[in-house]
Amino acid sequence: MSAGRGPVVLVGPSGAGKTSIAARLVAKDPARFAFSVSVTTRAPRGGERDGREYSFRSRTEFEAMIAAGELAEWAEVHGEYYGTPAANLMPAEEFSPAPVLDIDIQGARQLMRRADAALVIFILPPGPEEWIARLAGRGTESPAEIARRLRTALGELAEAPFFTEFVVNANLDDAVDEVLALVEGGAGRRRDAERPARLRQALEKAARSEIMRLAGRG
Ligand code: 5GP
């Protein structure tokens, strides 16, 4: 495991806050960390700029990058392609900032097979209530859409046993500090190693009962 400038890969169920942690980590120490801008075929959302949050590409362009071996990993998420350019993982110089990746679990597992210097951290939300409210959005989505998100999140949580490093995101500043401690080689100093497993069970239970409740609403 790398202490220092290897890639820092954040994974975890949607709604856990990995995007906020990645942004805060980079903002805190830009000489040390740089956000790895992925390529995607999904359309930009309001406020997103090409080359900043993502490089937005057509499916044809994305498939050409796959064929040319330009992606270190890629996956299809909700029907769109997402991938990490291999160039992002090759720092230009010895003291270049470490890339911070916010990617899905399929992509992280590909990287774990290929880039053994990567530090992969599974981010967990602190508890079911706030997490389910976040996944449910602003009440504009249909029950079917919310149930789909919850099922995806359940699939992501089910992958937790493949990971060894966990950070519970109860508070953004503390979560960023915990990620920093792991980067600096603090693995194993966790106070309560059982917590991620218990938390995961509580999250899964709540997500399942919410899916049942939504099904009842039709
Ligand atoms: P969103 O469309 O909400 O920005 O991202 C959807 C999902 O795609 C998130 O789980 C995000 O972490 C993941 N994702 C973003 N970039 C990449 C990437 O380069 N590779 C993979 N495998 N997943 C990514």
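In case you missed it, the structure is sitting above this.
This section reports on the structure supplied with the text.

Procedures and definitions
- Residues numbered from 1 in each chain as written.
- Predicted model: local features only at pLDDT ≥ 70, side-chain atom pairs only at ≥ 80, totals over all residues.
- Heavy atoms only, no water.
- Near = heavy atom within 4 Å.
- Polar contact = N/O pair within 3.5 Å; in protein donor to acceptor, adjacent residues only side chain to side chain.
- Areas by Shrake-Rupley, 256 points an atom, 1.4 Å probe, with all protein chains shown as cover.
- Helix = DSSP H or I, 4+ residues; strand = E, 2+ residues; numbered from the N terminus.
- Nonpolar A, V, L, I, M, F, W, Y, C, P; charged D, E, K, R; others polar.
- Buried < 20%, exposed > 50% of the residue type's maximum accessible area, 1.4 Å probe, protein only.
- Contact = heavy atoms within 4.5 Å.
- Core = buried A, V, L, I, M, F, W, Y, C linked by side-chain atoms within 4.5 Å.
- Pairing = 2+ DSSP bridges.
- Axes fitted to C-alpha atoms, helices over the stretch in contact; angles between N-to-C directions.
- Salt bridge = Lys/Arg side-chain N within 4 Å of Asp/Glu carboxyl O.

Our next topic: the site of the ligand. In the region of the ligand, 15 residues are neighbours, and Ser 38, Arg 42, Tyr 54, Tyr 82 and Asp 104 sit closest. Take Glu 73: an N or O atom from its side chain is 2.8 Å from a nitrogen atom of the ligand. In isolation the ligand exposes 510 Å². Once the protein is present, 86% of that is buried. For the shell around the ligand, the elements supplying multiple residues, two or more each, are strand 5 (71-77) and strand 6 (80-85). In terms of residue class, the shell around the ligand is made up of five nonpolar, four polar and six charged.

Following the sequence through the fold, Asn 169 ends up in the loop between strand 9 (165-168) and helix 6 (172-183). On the basis of relative accessible area, Asn 169 is assigned to the buried category, the value being 8%. A polar atom in the side chain of Asn 169 sits 2.9 Å from the backbone oxygen of Ala 16. Those residues in contact with Asn 169 that lie beyond four places of it in its chain are Ala 16, Gly 17, Ile 21, Ile 123, Leu 124, Pro 126 and Ala 175.

Attention now moves to the nonpolar core. Formed by 34 residues in total, the largest nonpolar core has its most connected members in Val 9, Val 11, Phe 122, Leu 124, Trp 131, Leu 150 and Phe 163. Secondary-structure elements contributing two or more residues to this core are strand 1 (8-11), helix 3 (105-114), strand 8 (119-124), helix 4 (128-136), helix 5 (143-157), strand 9 and helix 7 (195-217). Leu 124 has contacts with Ala 16, Leu 157, Phe 166, Val 167, Val 168, Asn 169, Pro 196, Leu 199 and Leu 203, leaving out every residue within four places of it along the chain.

Now for the environment of Ile 123. Structurally, Ile 123 can be placed in strand 8. A relative accessible area of 0% places Ile 123 in the buried class. Between the C-alpha atoms of Ile 123 and Pro 196, which are 73 residues apart in sequence, the distance is 9.6 Å.

The subject of this paragraph is the sheet that holds strand 7 (residues 98-102). The strand order 2-7-1-8-9 describes an open sheet built from five strands, whose pairing is parallel. The two strands at the open ends of the sheet, each matched to only one other strand, are strand 2 (33-35) and strand 9. When the angles between neighbouring strand axes are averaged without regard to direction, this sheet yields 30°. Seen against the sheet, helix 6 touches strand 1, strand 2, strand 8 and strand 9 and runs at an angle of roughly 160° to strand 9.

Before going further, it helps to examine the pattern of salt bridges. Any two side chains of opposite charge can pair, on the condition that their charged atoms come close. Tallied over the entire structure, the rule returns 14 salt bridges. For Lys 18, the salt bridge is made with Asp 102, and the minimal N-O distance between the two is 3.5 Å. One end of the pair, Lys 18, is in helix 1 (residues 18-28); the other, Asp 102, is in strand 7, with 84 residues separating them in the sequence. The exposure classification of Lys 18 matches that of Asp 102, with both residues buried. Between Glu 204 and Arg 200 there is a salt bridge; the shortest N-O distance is 3.0 Å. Of this pair, Glu 204 and Arg 200 are both found in helix 7, four residues apart, which corresponds to roughly one turn of the helix. One network of salt bridges, in which partners are shared, links Glu 141, Glu 145, Arg 148 and Arg 149.

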